[in-house]
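So you can see what is in the structure, the chains are spelled out below.
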Amino acid sequence: MFGLFKKKQREYFTPAEKETIITAIQQAELRTSGEIRLYIESKCELVNPVHRAKEIFYLLKMDQTASRNGVLLYLAMDDHQLAVFGDEGIHQKVGHAFWNKEVEMMLAEFKQKHFVEGIAHIIKDIGEALVTHFPYDGATDKNELPDDIVFGK
């Protein structure tokens, strides 16, 4: 009975589009010890999406990577908000200018209705930054965080 009142999760992407995004994450992480996650929800609970991204970042325990090189891509679909939040290890290397450039690029893609392409593009760019500063080491590297898309409410 209570299942009838449960809010159904919205489907923002087709299974093929989800696979494209997950593959982009996996490909981006192949050559780096860095970790990339994508979190999608319908509405941003906070006024500033960067603050919400930071909150989610810590809830997902992304701050616990060995090199502090996790990056969260946050999207609030109905509110048309997004943010990128990088842990201190990668943020110290790339700075605010890199994150701002990536957000602007993704906004440009979204304005053209290239949602999956825009997400895959930013994931690739973040992966390249991670490779530059945190290259893969076969002896020590492990996938510290899942590569799946996390869907909030």
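Conventions we followed
- Residues numbered from 1 in each chain as written.
- Predicted model: local features only at pLDDT ≥ 70, side-chain atom pairs only at ≥ 80, totals over all residues.
- Heavy atoms only, no water.
- Helix = DSSP H or I, 4+ residues; strand = E, 2+ residues; numbered from the N terminus.
- Rg over C-alpha atoms; globule rule 2.2 N^0.38 Å.
- Axes fitted to C-alpha atoms, helices over the stretch in contact; angles between N-to-C directions.
- Parallel < 35°, antiparallel > 145°, perpendicular 65-115°, else oblique.
- Left-handed = near helix turned anticlockwise from the far one by under 90°.
- Contact = heavy atoms within 4.5 Å.
- Nonpolar A, V, L, I, M, F, W, Y, C, P; charged D, E, K, R; others polar.
- Expected span 1.5 Å × (residues − 1).
- Bend = angle between axes of the 7 residues up to and from the residue.
- Buried < 20%, exposed > 50% of the residue type's maximum accessible area, 1.4 Å probe, protein only.
- Pairing = 2+ DSSP bridges.
- Core = buried A, V, L, I, M, F, W, Y, C linked by side-chain atoms within 4.5 Å.
- Salt bridge = Lys/Arg side-chain N within 4 Å of Asp/Glu carboxyl O.

A. How the structure looks around the overall build of the protein. Of regular secondary structure, the protein possesses four helices and four strands. Counting from the amino terminus, the protein carries its helices and strands in the arrangement α-β-α-β-β-α-α-β. Relative to the 2.2 N^0.38 estimate, which gives 15 Å for 153 residues, the radius of gyration of the protein is 15 Å and therefore close to what a compact globule would have. Here the C-alpha coordinates of the protein stretch approximately 50 × 35 × 30 Å along the principal axes.

B. Geometry of the packing of helix α3 (residues 88-111) against helix α4 (residues 115-133). Relative orientation of the contacting elements α3 and α4 amounts to 165 degrees, with a least axis distance of 10 Å. As far as their axial angle goes, α4 and α3 are roughly antiparallel. In this structure, α3 crosses over α4, and the sense of that crossing is right-handed. Residues Ile90, Lys93, Val94, Phe98, Trp99, Glu102, Val103, Met105, Met106, Glu109 and Phe110 of α3 form the contact with α4, whose participating residues are Phe115, Glu117, Gly118, Ile119, His121, Ile122, Asp125, Ile126, Ala129, Leu130 and His133. Counted by class, the contact of α3 with α4 contains 14 nonpolar, three polar and five charged residues.

C. Seen up close, α3. With 24 residues, α3 extends only 30 Å from end C-alpha to end C-alpha; this falls clearly short of the ideal 34 Å at 1.5 Å per step. At Gly95, α3 shows its largest kink, close to 90 degrees. Within the span of α3, buried status applies to Gly89, Ile90, Val94, Gly95, Phe98, Trp99, Glu102, Val103, Met105, Met106, Glu109 and Phe110. In this structure, the buried side of α3 is in contact with β2 (70-76), β3 (81-86) and α4. In the segment just after α3, Lys113 is the residue with positive phi, at about 65 degrees.

D. Just the sheet that holds strand β4 (residues 149-151), in detail. What the four strands build is an open sheet, ordered β3-β2-β1-β4; its pairing is mixed. If you trace the sheet from one side to the other, it starts and ends with β3 and β4, each paired once. Within this sheet the neighbouring strands show an average axis-to-axis angle of 20 degrees, counted without direction. Pairing of strand β1 (residues 35-41) with β4 involves three bridges; the strand directions are parallel. Its bridge partner lying in β4, Ile40 is registered against Phe151. Along the sheet, helix α2 (residues 49-59) makes contact with β1, β2 and β3, crossing β3 at roughly 50 degrees.

E. Highlighting the nonpolar core. In this structure, Ile21, Leu38, Met106, Ile119, Ile123 and Ile126 are the most contacted members of the largest nonpolar core, which totals 33 residues. Elements that contribute at least two residues to this core include exactly α1 (15-29), β1, β2, β3, α3 and α4. Sequence-distant contacts of Ile119, that is, excluding residues within four places in its chain, are made with Phe13, Ile21, Leu38, Leu73, Leu75, Met106 and Phe110. In this structure, Ile56, Tyr74, Ala76 and Ala83 belong to the second largest nonpolar core, which totals 13 residues.

F. Inspection of the pattern of salt bridges at higher detail. Going through the model one piece at a time under the given rule, you end up with eleven salt bridges. Asp79 is the salt-bridge partner of Lys43, the closest N and O atoms lying 3.8 Å from each other. Here Lys43, found in the loop between β1 and α2, pairs with Asp79, found in the loop between β2 and β3; they are 36 residues apart in sequence, far enough to count as distant. When the shortest N-O distance is used, the salt bridge between Glu45 and Arg52 registers 3.7 Å. Using a relative accessible area of 5% as the deciding quantity, one classes Arg52 as buried. Among the charged side chains, a salt-bridge network with shared partners connects Glu41, Glu45, Arg52, Glu55 and Lys153.

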